[in-house]
Amino acid sequence: RQDWQRLGVAAVVWDAAVVLSAYLEMGGIDLRDRSVIELGAGTGLLGIVATLLGLLDLKHCIPNALFMTSTTCLRYILPYHLGARVTITDREAALEFLESNVRANLPSELHSRAVVKELTWGKDLANFPPGAFDVVLGADIIYLEETFTELLQTLEHLCSEQTVILLSCRIRYERDNNFLKMLRGHFSVYEVHYDSSKDVHIYKAQRHSHKDDF
């Protein structure tokens, strides 16, 4: 669901979210049994997709899983915490809308795997353990120059040396490139995908000590 009139840019599914969701679906990164956080989630599309993709391949985990219904399989594996643990974040004003989308688009068996939480960049970091996430996702969150310093501070707080960041965006203005330069001062950054039909880039980043892991 989208709601431009009430929440503006926070309640629109942008192309960058669609492209990054498709990249994840194509196996761009393994989300199974990972701790994942989405920044500036808006409608929650990315976090919802990450939750669904984060389930382990059932036929490799459960004997005769191919002969079960999908609902039975979900109920069987969830108690063993095999799926991704996804935290979906945005500012306080967007949380009610975000929560409603997450609940409406995930089966009830997966609701416990996706937590909606307030995060204003640079301000709510004490509520998030430092370096606790395996994957950080962000779609079209690089556009307000006045937020760049706080966004970078937030990424540094959330990431360990093993954390992988995936950011998707259009490069609309020179300031967008300026953020990438700021990011490269703290992380190794590589473009891993470009969707020419939507003019969306996907960048993968990790702390410098792991630059050879890409």
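The rules behind the values
Residues numbered from 1 in each chain as written. Predicted model: local features only at pLDDT ≥ 70, side-chain atom pairs only at ≥ 80, totals over all residues. Heavy atoms only, no water. Axes fitted to C-alpha atoms, helices over the stretch in contact; angles between N-to-C directions. Helix = DSSP H or I, 4+ residues; strand = E, 2+ residues; numbered from the N terminus. Parallel < 35°, antiparallel > 145°, perpendicular 65-115°, else oblique. Contact = heavy atoms within 4.5 Å. Nonpolar A, V, L, I, M, F, W, Y, C, P; charged D, E, K, R; others polar. Buried < 20%, exposed > 50% of the residue type's maximum accessible area, 1.4 Å probe, protein only. Polar contact = N/O pair within 3.5 Å; in protein donor to acceptor, adjacent residues only side chain to side chain. Core = buried A, V, L, I, M, F, W, Y, C linked by side-chain atoms within 4.5 Å.

1. Side note on the packing of helix H2 (residues 15-25) against helix H3 (residues 45-53)
Interaxial distance between H2 and H3 falls to 9 Å at its minimum, and their mutual angle equals 10°. When the axes of H2 and H3 are compared, the pair comes out roughly parallel. Between H2, through Ala-17, Val-18, Leu-20, Ser-21, Leu-24 and Glu-25, and H3, the contact on the second element is made entirely by Leu-45, Leu-46, Val-49 and Leu-53. For the contact of H2 with H3, a count of residues per class yields eight nonpolar, one polar and one charged.

2. Observations regarding the side chain of Thr-163
Considering the arrangement of structural elements, one finds Thr-163 in strand E5 (residues 159-169). The class for Thr-163 is buried, based on a relative accessible area of 1%. Here the side chain of Thr-163 touches Phe-133 through a polar contact of 2.6 Å, landing on its backbone oxygen. Excluding residues within four positions of it along the chain, Thr-163 makes contact with Phe-133, Asp-134, Val-135, Val-136, Leu-158, Ala-205 and Gln-206.

3. A few points about the nonpolar core
Nonpolar side chains in soluble globular proteins tend to be buried together. Among the nonpolar cores identified, the biggest contains 31 residues, and Val-102, Leu-137 and Leu-166 are the most heavily contacted of them. Counting only elements with at least two residues in this core, the list comes to H2, H3, strand E2 (85-90), helix H6 (95-105), strand E3 (114-118), strand E4 (133-139), E5 and strand E7 (200-207). Looking at this core, the element that brings in the most residues is H2, giving six residues. Formed by 26 residues, the second largest nonpolar core is a distinct cluster that contains Trp-121, Phe-148, Leu-151 and Phe-187.

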